[in-house]
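# Report on the structure
So the chains spell out like this:
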Amino acid sequence: MKISVVTLFPDLYKPFFATSLVNRAQQAGIIDTKTYDLFSYAAPKERIDGPTFGHGAGMVIKPEVIERAVADVEGKQGPAYKVFFSPKGKKMNQRMLQRLYERMQEQKKEHLMLLPARYEGMDARIENEYADDIISIGDFVLMGGDLPAMVFLEGLLRFIPAVVGKAESVQQDSFSGPFVDYPEYTAPVEWRGYIVPEILRSGNHKAIAEWRQASVAQESVIHHFDWVRSYPTFTSSEQTAIERVLPNHYVVLMHSDVLICEDKVTTKKGTTSVTSLDIHDIARSAATYGLKKYFIVTPLVDQQAIVKTLLGFWQHGAGVSYNNHRHEAVNHVIVESTLEHVITQITQREGKAPLVIATGARRDNHPGSISFNDQETVWMHQRPVLIVLGTGRGLCPELIQQCDYRLIPLEGFSSFNHLSVRSAAAVIFDRWLGKNPRNIDKDVTLRMTA
Ligand SMILES: C[S@@+](CC[C@H](N)C(=O)[O-])C[C@H]1O[C@@H](n2cnc3c(N)ncnc32)[C@H](O)[C@@H]1O
């Protein structure tokens, strides 16, 4: 692969290209790198940059200078796959690098041109006209695109066969699939009291493979859930490994210990009535997201009887054959008289007490609040999780106080946030536990047409 870098600072690349695997790949003729000084494409006394139109700080690289550079380099090296760098570009990840490499193969492009910018960046029309991809290496701003270009190259070159000695190590790299890489150890067996897991020294290949699969699933689900859930497809063994690691989740809908209206403005602690929609719909959402049980708490005997009658229809009555999916979902519903009874039941089933997460629509900054990105905070304790939903005007403050965590309210970009509890339940389950696959072909930059 021919690699051309058009830069204001060609010297930065000298040690990079002369070192390590990049140098070896060059010596072996797998890659052929060249740098081009962007200043050489400016006419004598011409500046390569100009002030931005409209009021604004900083200078912008001129389009004609890049136009000349692209024409010259492509004239010498052939049509190129052109990559620009910008904090506004698509965020780089392993999947995107792999797709980009594959796309170069599909397009039979053997020439890669990198165009890192400086100052305030390039005139916006340049990227529109030339960029096959605009890449960001993260949500921060560097002084120039040269380090991003080197970071990009280090990642991309690993996909070229023979650049990295063993293809196997690339295939097993972190983020090559839904999981990160497994932990690796070398001699000595004991260091500062830490001992290399015995199984890795056992020579039992099957046991080692199983240990590694379990350990990558554990590490990935607990610490990189956003990556795992973004993965588009899973093998059945990956799916099983994920299900084994995910802590068991439960949900409870509280009809007691909730706030109800005293008059038009004030609320008091009270009890609400059950509704059949909340029974069915939350049961179906809970089943969809793999929650183990859906508890309904009401201390009122007549209300318990109503729930049991409804459940009876779907659990044992005509509903079983009428709609088997509904039967399956409703089969996991249990009526209880208090939250304490729910916690006791879960503790008995699991052998560990659950961590309890309160939910609510109120926007008060509670110190124990967690967001929908804080699964790691909860899951690292390796305990079951109980999500508590309120009815009426929401859970009463005393109950919220007793919970281990409180989830921030669900909100859109509007001032209205009065979801029904069954709608909120579905959104909460999805944001906390749901898959969120990313289309790998959208991991690349979509260009505007002129
Ligand atoms: C000072 S930055 C310009 C930042 C620009 N004003 C902005 O906020 O988007 C100059 C150049 O550095 C490169 N650069 C800076 N941060 C980057 C990042 N996170 N990823 C990729 N390139 C980056 C880009 O080539 C960018 O045009």
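Residues numbered from 1 in each chain as written. Predicted model: local features only at pLDDT ≥ 70, side-chain atom pairs only at ≥ 80, totals over all residues.

## A closer look at the overall build of the chain
- Each helix and strand counted, the chain has 18 helices and 18 strands in total.
- For the chain, whose C-alpha radius of gyration is 29 Å, the value lies well above the compact-globule estimate of 22 Å for 450 residues.
- The buried share of the chain, taken over its 450 residues, is 31%.
- For the chain, contacts bridging at least 24 residues in sequence account for 79% of all contacts bridging at least 6. (Helix = DSSP H or I, 4+ residues; strand = E, 2+ residues; numbered from the N terminus. Rg over C-alpha atoms; globule rule 2.2 N^0.38 Å. Buried ≥ 20, exposed ≤ 12 C-beta atoms within 10 Å, placed from the backbone. Contact = placed C-beta atoms within 7 Å.)

## Examining helix α8 (residues 205–223)
- Across its 19 residues, α8 extends 26 Å between first and last C-alpha, which sits within 8% of the 27 Å expected from 1.5 Å per residue.
- All of the buried residues along α8 are V216, A217, S220 and V221. Looking straight down α8, one finds that the buried residues subtend no more than 115° of arc, so they occupy a single side.
- Along its buried surface, α8 packs onto α9 (225–230) and α10 (236–245). (Expected span 1.5 Å × (residues − 1). Arc of directions from axis to C-beta.)

## A word on unusual backbone geometry
- Cis geometry marks the peptide bond from A187 to P188; its omega dihedral reads 5°.
- In this fold, P188 is placed in the loop between α7 (167–171) and β8 (190–191).
- Of note, the phi angle at K108 is positive, near 50°, even though the residue is not glycine.
- One can find K108 in the loop between α4 (94–106) and β6 (111–115).

## A word on the pairing of strand β1 (residues 2–7)
- Taken across its six residues, β1 has five buried, putting it largely inside the fold.
- Where β1 meets β6, four bridges bridge the pair, whose relative direction is parallel. Along β6, the bridge assignment pairs K2 with H111.
- Relative to strand β2 (residues 32–37), β1 is paired through six bridges, and the arrangement is parallel. Across the sheet, V6 pairs through a bridge with Y36, a residue of β2. (Pairing = 2+ DSSP bridges.)

## Regarding the sheet that holds β2
- Strands sit in the order β2-β1-β6-β5-β7 across an open sheet of five strands; the sheet is parallel. Pairing within the sheet leaves two strands with one partner each, and these edge strands are β2 and β7 (133–136). This sheet shows a mean twist of 30° between the axes of neighbouring strands, independent of strand direction.
- Pairing of strand β5 (residues 81–91) with β6, which is carried by four bridges, proceeds in the parallel orientation. Paired with K82 across the two strands is M113, which belongs to β6.
- The sheet contacts of helix α3 (residues 63–77) involve β1, β2 and β6, and relative to β1 the element is tilted by about 160°. (Axes fitted to C-alpha atoms, helices over the stretch in contact; angles between N-to-C directions.)

## Considerations on the site of the ligand
- Taken together, 19 residues lie near the ligand, and F85, A117, G121, G145 and P148 sit nearest.
- The element best represented in the shell around the ligand is β5, accounting for four residues.
- For the shell around the ligand, a count of residues per class yields ten nonpolar, six polar and three charged. (Near = placed C-beta within 6 Å. Nonpolar A, V, L, I, M, F, W, Y, C, P; charged D, E, K, R; others polar.)

## Quick look at the packing of helix α11 (residues 276–288) against helix α18 (residues 421–433)
- Interaxial distance between α11 and α18 falls to 9 Å at its minimum, and their mutual angle equals 5°. Here α18 runs roughly parallel to α11, going by the angle between their axes. Contact residues: α11 offers L277, D278, D281, I282, S285 and A286, while α18 offers V421, R422, A425, A426 and F429.
- Broken down by class, the residue content of the contact of α11 with α18 amounts to seven nonpolar, one polar and three charged. (Parallel < 35°, antiparallel > 145°, perpendicular 65-115°, else oblique.)

## Considerations on the pairing of strand β17 (residues 385–390)
- Across the six residues of β17, six count as buried, placing the element largely inside the fold.
- With burial as the criterion, each face of β17 is covered, one bearing V385, I387 and L389 and the other bearing L386, V388 and G390.
- As defined by bridge partners, strand β15 (residues 355–358) adjoins β17 across four bridges and the pair is classed as parallel. Residue V356 lies in a different strand from β17, and its bridge partner there is L386.

## Some remarks on the nonpolar core
- Within the largest apolar cluster, 47 residues are counted, with the highest numbers of intra-cluster contacts made by V251, V252, L386, V388 and L389.
- In terms of residue count, α18 provides more of this core than any other element does, seven residues in total.
- If we ignore the near neighbours within four places in the chain, the residues touching L386 are Y250, V252, I343, I346, P354, V356 and I357.
- Membership of the second largest hydrophobic core comes to 42 residues, among which are V83, F84, L97 and L115. (Core = buried A, V, L, I, M, F, W, Y, C linked by C-beta atoms within 7 Å.)

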